[in-house]
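Close look at the chain arrangement
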2 protein chains.
Amino acid sequence: MKSAAKAMQAEEVAETGAHQIRDAIREAIVERRLSPGTKLSESDVGNLFNVSRTLARAALQALSYEGLVSVEKNRGAFVAYPSPDEARQIFSARRLVEPGILREAAARITPDDISNLRELLQEEGRLMSERGQTARRAEIKASGDFHLMLAEISGNAIMQRFMEELVARSSLVIALYGQSTASSCGHSEHGDIISAIEDNELDRACQLMLHHIAHIESDLDLRERKSLGLKEAFEL
Amino acid sequence: MKSAAKAMQAEEVAETGAHQIRDAIREAIVERRLSPGTKLSESDVGNLFNVSRTLARAALQALSYEGLVSVEKNRGAFVAYPSPDEARQIFSARRLVEPGILREAAARITPDDISNLRELLQEEGRLMSERGQTARRAEIKASGDFHLMLAEISGNAIMQRFMEELVARSSLVIALYGQSTASSCGHSEHGDIISAIEDNELDRACQLMLHHIAHIESDLDLRERKSLGLKEAFEL
DNA sequence: GCGCAGAAAATCGTATACAATTTAACCGCC
DNA sequence: GGCGGTTAAATTGTATACGATTTTCTGCGC
């Protein structure tokens, strides 16, 4: 994400160390080192980063605004556990905004941007062939970064931030409801989208994007699993 | 905003009194009782609401995530003062998402919703004819509520929250760069949009929505006023 | 052994305390 | 009178303290 089209805004400086903690936890969630539902107690977070509960709390609070953790009054913070309905809303939102972002990005894209995108793509492909958790995590990140880079190129910082939220929450949803072992099956689709942009076939690019999102979504099993914590669990 | 289509989610309970403070300040900003750039010191906010700086700080922090307040490290919080570029991005984002929201809303809208919308519209019209600041503020609110109600009807809580942010920030932009005295000149346009939805003319409704947003934007003077705090200010 | 009341532990909600930084005030100096 | 520098006041950043709520544990009765 060291793209050329960065630096739109004056980089809201990290007003406090709480931001570092927030970013660290977010990364852990997005890379699925932290599972949905995991409790994030303020003391534990504070100890882990050697800060007081004040900062830990601020970081958790921030993450709750992004929908990545849910804080329950007097009970604490937990890694978000999006319901199937929430999951549908997240992808519905993506279908709604990503074509528009794509159009704006295409209008401003430079050759440099395209080569950056292709570079990212290549990296993604390389990681897919690798084994090991580290590679898998990096692959998840790279897959999301493709969508984020498009938002960045679009030049709209507000939409960019919104996409960051959506991509992060998507990662949670996939962790919860994804079925296929291959995490980012739609790798080639990213390449197709770039090609369509390059060829100035905007409508086709949008179609591909919608298809790509639908593809990701089709790998989810969004049936209500109401914990089935009764007899059914043992009736087999 | 007591619409029928509410209650999508389990209502994230107000985990603390900080939420009340946040909401109160946000309302003050949106209704333009607080001007862009106004300093919001933690002590002052705390005293005003009879709480400690801890809660005041949390509220300001929350507002900064919504883009209504900008906090500068070691300097404090201020009512946001969106740059012309930021203003363009806000409206660009609205053009991008509002047609999509409209389409989703139209697909789920009920006769009840329509009558609620018309009711809101009537209220808006009534306020337009009234005199006085109180009426003006209520009118500003009602004008935004139209867009928010559509988002609510769409049934997507995520898009709804995003629209809340965009509408609130739009209010700031209009306060800063609006020219016409009449705040929400596009009152009739709201009615046209409802009619188009009612007649099931979706494409036309979207066109009207885009036109409406463009109309609001056309009332802005987004030229860089770089404070012109040099000689120019006195050259006349 | 099971269930339930009550106490103890852990955790969160809020306030206060202290350190660090910025802003202002003051004062001698040119 | 204006200007720069030093010092005092105000404000933010972070930590700690204390009360409130929830959770867990314990032990008694059945």
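Residue positions are counted from 1 within each chain, in the order its sequence is given. In the order they appear in the text, chains get letters beginning with A and ligands get numbers beginning with 1. Local features in this predicted model are restricted to residues whose pLDDT is 70 or higher, and side-chain atom pairs enter the listing and the counts only when it is 80 or higher, whereas totals over whole chains, interfaces and linings include all residues. Computation of side-chain values covers all heavy atoms of the structure but excludes hydrogens and water.

1. Points about helix H3 (residues 53-65) of chain B
Put simply, the rule is: Only runs of H or I of at least four residues qualify as helices and only runs of E of at least two qualify as strands under DSSP, and these elements are numbered from the N terminus. Here the expected span of a helix is defined as 1.5 Å times the quantity of residues minus one.
If you check H3(B), its first and last C-alpha atoms are 18 Å apart, about what 13 residues at 1.5 Å a residue would give, namely 18 Å. A positive phi of about 80° marks Gly67(B), the residue just after H3(B).

2. Quick word on the pairing of strand E2 (residues 69-72) of chain B
Condition: Strands pair, by our definition, only if DSSP identifies at least two bridges between them.
Judged from the 4 bridges that link them, E2(B) and strand E3 (residues 76-79) of chain B form a sheet pairing that is antiparallel. Following the sheet pairing, Glu72(B) is matched in E3(B) by Gly76(B).

3. Notes on the interface of chain B and chain A
By a frequent convention, interface size equals the accessible area lost on bringing the separate parts together. The line we're drawing: Here a residue-residue contact requires only that any non-hydrogen atoms of the pair lie within 4.5 Å. Here the quantity called buried area is the accessible surface, traced with a 1.4 Å probe, that two parts lose on coming together, added over both. The working definition used for a salt bridge is a side-chain nitrogen of Lys or Arg within 4 Å of a carboxyl oxygen of Asp or Glu. For the purposes of these results, a polar contact is taken to be a pair of N or O atoms within 3.5 Å, where, inside protein, one atom must be able to donate a hydrogen and its partner to accept one; residues adjacent in sequence count only when each atom of the pair is a side-chain atom.
Opposite the 32 residues of chain B that make contact, chain A presents 33 residues. For the pair chain B and chain A, the summed buried area comes to about 2,800 Å², and 54% of that belongs to carbon and sulfur atoms. In this structure, the connection of chain B to chain A is made through 2 salt bridges. Here Arg161(B) makes a salt bridge to Glu165(A), at a shortest N to O gap of 2.8 Å. Linking chain B to chain A there are 11 residue pairs in polar contact (both at pLDDT 80 or more). Every element with two or more residues in the side of chain B that touches chain A is listed here: H3, helix H4 (84-108) and helix H7 (157-177) of chain B.

4. Focus on the pairing of strand E3 (residues 76-79) of chain A
Residues and elements named next belong to chain A. Relative to E3, strand E1 (residues 39-40) runs antiparallel, the two being bridged by 2 bridges. Considered in E3, the bridge of Leu40 is made with Ala77. Where strand E2 (residues 69-72) folds back on E3, the antiparallel hairpin that results is connected by 3 residues, among which Asn74 adopts a positive phi of roughly 65°.

5. Describing the environment of Glu165(B)
Note the threshold: Each residue gets one of three labels from its accessible area relative to the maximum for its type: buried under 20%, exposed over 50%, partly exposed in between, using a 1.4 Å probe on protein chains only.
Its location among the elements puts Glu165(B) in helix H7. Judged by relative accessible area, Glu165(B) falls into the buried class, the value being 12%. When the C-alpha atoms of Glu165(B) and Glu66(B) are compared, they prove to be 5.9 Å apart, with 99 residues separating the residues in sequence. Ignoring any residue separated from it by four or fewer positions in sequence, one finds Glu165(B) in contact with Arg161(A), Tyr65(B) and Glu66(B).

6. Notes on helix H2 (residues 42-49) of chain B
Residues and elements named next belong to chain B. Cut-off, in case you're wondering: In this context, the arc is that of the directions from the helix axis out to the C-beta atoms.
All of the buried residues along H2 are Glu42, Val45 and Gly46. Taken end-on, H2 shows its buried residues confined to a sector of 100°, consistent with a single buried face. In H2, those exposed residues whose orientation departs by more than 90 degrees from the buried face are Asp44, Asn47 and Leu48. Those residues of H2 that are buried lie in contact with helix H1 (18-30), strand E1 (39-40) and H3. Of the residues one or two after H2, Asn50 is the one with positive phi, at around 55°.

7. Description of the relation of the copies chain B and chain A
Applied cut-off: The least-squares superposition of copies is restricted to C-alpha atoms, and to residues with a pLDDT of at least 70 in both copies.
Note on the copies: chain B fits chain A at an RMSD of 0.0 Å, the axial shift is 0.0 Å, and the rotation between them is 180°. On the angle and the small slide along the axis, the relation comes out as a two-fold axis. Minimal C-alpha separation from the rotation axis in chain B is found for Val97(B), amounting to 3.1 Å. Here 97% of the contact residues of chain B are again contact residues in chain A; the copies associate through an equivalent surface.

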